[in-house]
Amino acid sequence: MLTVGMVALAGIVVSAASYFRAGQVSDDYNDAMKADLRNKGLAYGQTAQSLLDLVRTTSPEAFAALVQQTAENPEGIFTSYSADEQGQSQDELLALGVWVGNPSTAESYTPFFWHDLAGRQTSAENPVVQSLLAETAITQEPATRVDDKNHGLLYTLAVKLNDESSAVAVVTLDASQEFAFISAQQSKSTRGTIEFAAASILFVGVVAGALSLLLSRSLTNRKNAEEALRDSEVRYRTLAELAPAGVFRTDMQGRTLYGNERAQDLFGQEPDPGGGPLWTRSVHPEQQERVRAEWQDAVKRGTDFQSECRLADVDGRAVWIQAQLAPEREPGGKIIAYVGTAADITERVLMEETLREQALRDRLTGLLNHAAIMDELERLIGSAEHGRFAVAMIDVDDMKSMNDTYGHPIGDQALYCVGQALKRNGATVGRYGGDEFVVILPGHDRAAAADYRREVLDELAETGLVDPATASHVPVAITVGFSLYPEEAETVADLIRLADSAMYAERRERAAAHAGRARSSATVEDRAAAMIGEIVPLLTSAGDTQSKLQSVAHRLVLGLGYDGVSIMLFSAEPGGPAVSSTVARVADQLVDAWDEEQAQDGEASRLRTLLEQVQRPFIIDNLSDDERLSPKQRELLQNAELRSGLVVPMFRQGHTLGAIAVGSRQPAAFGADDARLLTSVSGQVTAIVHMAALVEELQVASTSLGEARSEAVVLLAAAAEAHDPTTGRHLQSVRHLAEAIARELGHPAPDAEAIGLAAVLHDIGKIRVPDSILTSPTELTIQQWDVMRRHTTWGADFLAGREGFALAAIIARGHHERWDGTGYPDRLSGDDIPEAAAIVAVADCFDAITQDRPYQSAQPVEWAVREISASSGKQFSPRVVDALLRLHERGQLAPFAPDGAEQQKAA
């Protein structure tokens, strides 16, 4: 369609040129000649269009080549036809222009192409050009004008394009020579017109084809590019708006040109295509300098930008982002902008901060952990502006006793309370480990540190730590030691060492001032073992139970310094009378009245009910107003001037048999150590009272010990094994297995029976070992093992010199000796070990393997035999082990193992 239009334009151009060429020579004929040429030009135009169509249809290849040549070199085509023999140049073109637009109004046409071909600077603003353009744009018909002033000839043609838009082509020819030619050779006008028309037809046809190709290709490409760009922008914006991250575009200075809704939410600013605010202004003030420096460096180097930063707080909430931007380049490589994303990483950053903080904090107290407090000390020492400071080491007193008495939850509460009390006066507090704390006190000298300690102690004294089970107040006490930087030490190790030494020095001074009531863990265990060693003989002596308990109470008053001790055995019925044995430093009538009060029938007291529920000790800081005591009990205690008390239950295998209560004239006189010590004593008293039931089971006469002493043997053994609920079975197993091994070795029956009965007392020395060691489910410490090993000598000393107990004493002392000489207590080896002791060692080991223990589960007989056999010649006597193997081969060991005994009984 465009090509046809351009051919029509050729006809107009040819007609106009013919008209110009045929102009009148003289001024008289000029106007008439111009009109005639215009009329003839229309006919020439039709001829030109026909000629052009013929060329197109008969030789498409030639036409295409011609059009291609025109597109590549329009000036060469326009000047390809030279002047005639007189020198006139009919085809010299001054200018060529094209306007495009909507055909509805002339004003809507805008220049698309204008080229000054002759170099004469022909202006597109020429009034003749504007007039022709307006006429053709409105009429959509070709038009022609003769520019008398400039001796030029102008043609226009309206062309319909493929996209239904319109174009107007304007051609300006140089007619100066034609004006001269007309005036000089009017007679040759006809011939010249024909020649000019023929040349112009071909010339204008080529121009029409070239313009058709150029306009169609350029406008189509432009339209396609614009549509592709619009589609791309739509897709880009849709994706950007749907993206969960912020998508934004900035100029080289960082001004926001575009931002999706998420980016606007993050940065709190609207984009501006003309250059909005700097996106870095949204960064938190503390990080703006760093981020801007990173941004400027990336722009300077022309590289990608990436940074994690905190934005300015919005509504008091910290927001962290990860910004990533890449350069946007022109086709030539020049950077024109940056485009990228901003992802909200607040949750990740907070999680990382939480994990870092947790790595520095003690989980129980929330304080700095050991590594963190040590790092803080190192930092302070290495800092140029640290100044002086004090370091405090703090240890919580009686922590083990507190855990043993009240349970670990109360112990944990105590540690937390201490940690909170230490957080004052700008102190940096850390948990050093276990029940120890380290405190850094900036700017403190010794006087200021002493004031700090006093404030902490005052707060702990008022701490309302209460045992929820018993409603008893749990006292929390600490020991504090200080060291000063830089006066006393300049390294972390020295500061800690000096503060630790000062802490233990304070504890020793305090212990010396209260020698009768020292409360360190080691002292509690030693005192418990010594006291048990004193009261067990009293409990196993002749006499009735109440008299024995009276002796024990008296011994507790004298040995532990209590002002009053009452041991009560409850009746089977909740409200029945209790047997009470009381010793106190008060008038006898008050003691008698107290015992009579306990012996009364009635409802179960709140005290007994509480003991049966919690089965652990509790402290009463003020006896006179504690409603768990009856009014009569409170009255008697007030008359006796006893102000504080400690009650420890006597329970075994889930049953509360009674209680031991102690009193003091001092208020709040009892703590966790007292409860722990009295609990150990109570355990042995309970066991001996309860184990009287085993007399019938194990009371077998012995020629060496005598029938009259059998009860004493059983009671002593039961006391030593009171912590074990399978005591009866254990004593039976060891006794009878030892007797069987002795018989296998050839000992006469009476001697074998004596060894078996004496074997019952092999661990009698454990009556002086605290229950906390005997029942420990974990590996014992070195100090605890030292106490445990002493049970061999304690047992031998206890039995030595007693008529009929010589063999039992030998076994008690030597049953832990080893064949290779590495045993204890005397490091005997080989045949130097008494055979009775060697027999009991094997029997005891077999029983330990085949029965459940706190530290291991029971194993089969075959396992036990294999283990003992592997230790033959090392730990055990080879002769005794061989005897055990022979018994096993005959199937005689089964009755000594719990599962084997049941199987044999069933058979």
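This is a predicted model, so every value here is computed, not measured.

1. Observations concerning the overall build of the protein
On a plain count of helices and strands, the protein comes out with 33 helices and 21 strands. Across the 907 residues that make up the protein, the buried fraction comes to 47%. In the protein, once contacts between residues fewer than 6 apart in sequence are set aside, the share between residues at least 24 apart is 61%. Carbon and sulfur atoms provide 51% of the accessible area of the protein, an area that totals close to 42,600 Å².

2. Observations concerning the pattern of salt bridges
With the rule as written, the count across this model stands at 32 salt bridges. Measuring nitrogen to oxygen at the nearest pair gives 2.8 Å for the salt bridge that ties Asp297 to Arg301. With Asp297 and Arg301 both in helix α9 (residues 285–301) and 4 residues apart, this pair spans about one turn of that helix. Notably, a salt bridge pairs Glu352 with Arg348, separated by 3.3 Å at the nearest N-O pair. Placement of both Glu352 and Arg348 in helix α10 (residues 346–360) is noted, with a separation of 4 residues, approximately one turn of the helix. Through salt bridges with shared partners, one network takes in Glu308, Arg348 and Glu352.

3. Let's talk about the environment of Ala806
If you trace the backbone, Ala806 turns up in helix α29 (residues 806–814). Taking the C-alpha atoms as reference points, Ala806 and Ala796, separated by 10 residues in sequence, lie 8.9 Å from one another.

4. Thoughts on the sheet that holds strand β13 (residues 436–442)
The antiparallel open sheet is built from 4 strands, whose spatial order is β12-β13-β11-β16. The open sheet has two edge strands with one neighbour each: β12 (428–433) and β16 (478–485). Geometrically, the sheet is characterised by an average inter-axis angle of 20° between neighbouring strands, direction not taken into account. Relative to β13, β12 is paired through 5 bridges, and the arrangement is antiparallel. Across the sheet, residue Arg431 finds its bridge partner in β13, namely Phe437. This element, helix α11 (residues 370–382), spans β11 (389–396), β12, β13 and β16 of the sheet and lies at about 130° to β12.

5. Section: helix α27 (residues 782–789)
When we look at burial in α27, the residues that qualify are Gln784, Val787 and Met788. Viewed end-on, α27 has its buried residues packed into an arc of 100°, placing them on one side of the element. For α27, exposure combined with an orientation more than 90 degrees from the buried face picks out Ile782 and Gln783.

6. Let's talk about the pairing of strand β10 (residues 335–344)
One ladder, built from 5 bridges, connects strand β6 (residues 246–250) with β10; its direction is antiparallel. The partner of Phe248 across the bridge, within β10, is Gly340. Looking at chain direction, strand β9 (residues 317–329) and β10 are connected through 9 bridges and run antiparallel. Bridging across to β10, Ala323 finds its partner in Ala342. The antiparallel hairpin formed by β9 and β10 contains 5 residues in its connecting segment, where Gly333 sits at a positive phi of about 100°.

7. Some details on the sheet that holds strand β18 (residues 579–584)
Sheet architecture is open: 5 strands sit in the order β18-β17-β21-β20-β19, paired in antiparallel fashion. Sheet topology places β18 and β19 (618–620) at the edges, where each strand pairs with a single neighbour. Looking at each pair of strands side by side, their axes are set apart by 15° on average, direction ignored. Inspection of the sheet shows β19 paired to strand β20 (residues 644–652) by 3 bridges, in the antiparallel sense. In the sheet register, Ile620 faces β20, and the bridge partner there is Gly645. Sitting on the sheet, helix α17 (residues 545–560) touches β17 (564–569), β18 and β21 (655–664), and the angle it makes with β18 is about 30°.

8. Things to note about the side chain of Arg424
With respect to the helices and strands, the residue Arg424 is situated in the loop between α13 (408–422) and β12. In this structure, Arg424 is in contact with Tyr452, Glu455, Val456 and Glu459, ignoring residues within four places of it in sequence.

9. Quick look at the confidence of the model for the protein
Taken as a whole, the protein shows an average pLDDT of 76; of its residues, 69% reach a score of 70 or greater. Confidence drops under pLDDT 50 across residues 692–708; counting only partners more than four residues distant or on other chains, this segment forms 30 contacts.

10. Some details on helix α19 (residues 606–614)
Along α19, the positions that sit buried rather than exposed are Leu607, Arg608, Leu610, Leu611 and Val614. Down the axis of α19, the sector holding all buried residues measures 165°, keeping them to one side. Residues of α19 that are exposed and point over 90 degrees away from its buried face: Arg606 and Gln613. Buried residues in α19 make contact with β19, β20 and β21. Count one or two residues on from α19 and you reach Gln615, which has phi positive near 50°.

The rules we used
Residues numbered from 1 in each chain as written. Predicted model: local features only at pLDDT ≥ 70, side-chain atom pairs only at ≥ 80, totals over all residues. Heavy atoms only, no water. Helix = DSSP H or I, 4+ residues; strand = E, 2+ residues; numbered from the N terminus. Buried < 20%, exposed > 50% of the residue type's maximum accessible area, 1.4 Å probe, protein only. Contact = heavy atoms within 4.5 Å. Areas by Shrake-Rupley, 256 points an atom, 1.4 Å probe, with all protein chains shown as cover. Salt bridge = Lys/Arg side-chain N within 4 Å of Asp/Glu carboxyl O. Pairing = 2+ DSSP bridges. Axes fitted to C-alpha atoms, helices over the stretch in contact; angles between N-to-C directions. Arc of directions from axis to C-beta. pLDDT = per-residue confidence, 0-100.

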